[in-house]
Amino acid sequence: MTSFPIPVLGFAAYSGTGKTTLLEALLPKLTAKGLRIGVFKHAHHDFDIDQPGKDSHRLRKAGATQMLIASRNRHALMTETPDKEANFFKLLEQFDHNNLDFILVEGCKNLSFPKIELHREVIGKPWLHPHDDNIFAIASDSVDVQTSLPHVDINDLDAICELVETFVLGNTLTKPSTAASCDTLSPAFLSVEQGLDKILSTLKHPKTCEQQSLFKARLNVLGQDIISPINVPAYCNSAMDGYALRGQDILDGVISFEVVTEILAGRGYASEIQSGQAAKIMTGAPMPQGADTVIMREQSQLIESQLEASNITKLVKFNVYNNEFKLGQNVRQAGEDLAQNSIVFNQGTRITSPELGMLSSLGISNIPVYPQLKVAVFSTGDEVQAPGEVLNDHCIYDSNRFTVMAQLERLGCEVIDLGIIEDSEAALESTLLEASTQANAIISSGGVSVGDADFIKSVLDKIGQINFWRINMRPGRPLAFGHINETPFFGLPGNPVAVMVSFLAFVEPALRLMQGEQNWQPVKLKAETENKVFSRLGRTEFTRGIYHLDKFGQLKVRTTGKQGSGILRSMSEANCIIEIPPHIESAKEGEIVTILPLEGRL
């Protein structure tokens, strides 16, 4: 993640609270104290800082994706980002940290970094601090505030100024010698993007590969580029059932052609087609020498002409006109689809059915692939029982292990099923240590919530380097990740739906990287909602949904109903996940949302 050598402070408030007016009055007081301040302003709507008609505006509108304009007194870089909004932490990098004491952020209240909440009763909005542990102080006009956080009057600029100055001074004096990490800015929560970045940054692509037969290569990832040993097609052939001839004859006005042979697929014709001759030819059959064009059978009229009693000559006429005819039509040239010695598939390509068909068509029987990942999976808890047993009082059947193993098999992993581990520190420790020597990755479910007293936490702290995170998402807030003897460990939540969503968000991208797959991204589509999709500001909401095309071809989506993390049936009913980003409070009926199709991923 990006490092920040200076403090970053935000003012979190709803629209209408008067953030800009307050900051406009506050900045002179802060600069008077000698503080050098960078301001980051986030707008939810489109904006333009350039004036229409000015040279820079005209050049940017003409197509410049980045426009730097400079004068004696200031310079500005304007960057177009039509495809994806720029990352908050990447944008912070653009400040000149050497000439600033801190960065003040207006907006971005849903991201994870230190903030002061601004609150006015007249706005009628709920408090932000109960749901955001990054808020360390409050400025409001409320008399009664139920919180232990420092609280000042929102109209007392000197008091707010003191809060800011204390924060900047404290973070500057206590800042470590190395640059502060994203953890410094996000002491309580991580966004989904931050959590995934942290995981992927610790993992590596495989270095070695092995030869694998096509019979066993499905879902493996190529360890080297595949080079075509032949041309595809291997020879010039007909793309139609019809007649092969010299195309110039048609252009010269030849009316009828003598049919001298019939060529089937897999056969050939040793002689050369002469002017006025044609060969009846089937799709895929090799083009005879001298012929360069095929006229399809539907445009032909066959005539039998008896020249002598013992010799019947077949003639063919064609119903074509020059404006319908093209020299060389209906012929596939050798190497047209793929030239010999060209790259067929790049290193990092996952082998599925189409790739297997292509490779076999080239006569390739063995390919270099990265070794298959071995993933150990287990469940914990004395209350968890295996399916098939008589269910004891206050116990539950183990579902998480089976869903995780099925998802792993879809990724082509070899599953090491460790079963259900009893609530015993010794049993858990020995299981994890053994798994770390047998598997390339380890996955468990349950026991990772902040405040849990499960054995898994104490064991992981003892034998591994594990971080227990809270992710700003629902379902699936708790997540543990780290390493045991250099083997990656993923500790997923305990609720069944949260397990699957967390697997899709974090484990699948991580395993694909470890398998060596290149350039993989989950499919995301835009769809119109058919009902309201509930969410909460400040977190990514993953809602189970059902999408379909309406009679006009418009992609529509609706939720599956109740969205509790334990409602496993909702995942079976869903064919997609509706993703609501942190800055959206909810999606109303008729609004456009992002969906992640589940086909092929569960």
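Residues numbered from 1 in each chain as written. Predicted model: local features only at pLDDT ≥ 70, side-chain atom pairs only at ≥ 80, totals over all residues. Heavy atoms only, no water.

## Here's the deal with the overall build of the protein
Point 1. Tallying secondary structure elements over the protein gives 13 helices and 36 strands in all.
Point 2. At 34 Å, the protein has a C-alpha radius of gyration far larger than the 25 Å of a compact globule built from 602 residues.
Point 3. Structurally, the protein occupies a C-alpha span of about 120 × 75 × 50 Å along its principal axes.
Point 4. Looking at the protein as a whole, 46% of its 602 residues qualify as buried.
Point 5. In the protein, 68% of the contacts between residues at least 6 apart in sequence involve partners at least 24 apart. (Helix = DSSP H or I, 4+ residues; strand = E, 2+ residues; numbered from the N terminus. Rg over C-alpha atoms; globule rule 2.2 N^0.38 Å. Buried < 20%, exposed > 50% of the residue type's maximum accessible area, 1.4 Å probe, protein only. Contact = heavy atoms within 4.5 Å.)

## Some words on the sheet that holds strand E5 (residues 102-106)
Backbone hydrogen bonds hold the strands of a sheet together, and the pairing may be parallel or antiparallel.
Point 1. Across the sheet, six strands lie side by side as E2-E5-E1-E6-E7-E8; this open sheet has parallel pairing. The two strands at the open ends of the sheet, each matched to only one other strand, are strand E2 (37-41) and strand E8 (151-153). Each adjacent strand pair in this sheet contributes to an overall mean axis angle of 25°, direction not counted. (Pairing = 2+ DSSP bridges. Axes fitted to C-alpha atoms, helices over the stretch in contact; angles between N-to-C directions.)

## With respect to the confidence of the model for the protein
Point 1. Averaged over every residue, the pLDDT of the protein is 86; residues scoring 70 or more account for 91%.
Point 2. In the predicted structure, residues 173-188 sits below a pLDDT of 50 and forms 27 contacts with residues beyond four places in sequence or in another chain. (pLDDT = per-residue confidence, 0-100.)

## Thoughts on the sheet that holds strand E26 (residues 465-470)
Point 1. Strand order in the open sheet formed by six strands is E24-E21-E25-E29-E28-E26, and the pairing between neighbours is mixed. With one partner strand each, in any of the chains shown, strand E24 (414-421) and E26 form the two edges of the open sheet. Here the strands of the sheet are splayed against their neighbours by 15° on average, with no regard to which way each runs.
Point 2. Relative to strand E25 (residues 441-445), strand E21 (residues 374-380) runs parallel, the two being bridged by five bridges.

## A word on the nonpolar core
Point 1. Ranked by size, the top nonpolar core spans 40 residues in total, and within it Ile199, Leu408, Ile443, Phe490 and Leu511 carry the most contacts.
Point 2. Listing elements by their share of this core, those giving two or more residues are helix H6 (192-201), E21, helix H9 (400-410), E25, strand E28 (478-484), strand E29 (487-492) and helix H12 (496-514).
Point 3. The leading source of residues in this core is H12, at 13 residues.
Point 4. Counting 24 residues, the second largest nonpolar core, distinct from the first, contains Ile37, Ile116, Ile154 and Ala159. (Core = buried A, V, L, I, M, F, W, Y, C linked by side-chain atoms within 4.5 Å.)

## Focus: helix H1 (residues 19-32)
Point 1. In this model H1 runs 20 Å from its N-terminal to its C-terminal C-alpha over 14 residues, within 8% of the 20 Å that 1.5 Å per residue would give.
Point 2. Its axis deflected by about 30° at Leu26, H1 carries its strongest bend there, up to four residues before the proline Pro28.
Point 3. Among the residues of H1, Lys19, Leu22, Leu23, Leu26 and Leu30 are the ones counted as buried.
Point 4. Immediately beyond the C-terminal end of H1, within one or two residues, lies Gly34, with a positive phi of roughly 90°. (Expected span 1.5 Å × (residues − 1). Bend = angle between axes of the 7 residues up to and from the residue.)

## Re the pairing of strand E4 (residues 75-79)
Point 1. Bridging between strand E3 (residues 66-70) and E4 involves five bridges; their strand directions are antiparallel. Across the sheet, the residue bridging to Ile69 is Ala76, located in E4.
Point 2. Counted along the chain from E3 to the antiparallel partner E4, the turn is four residues long.

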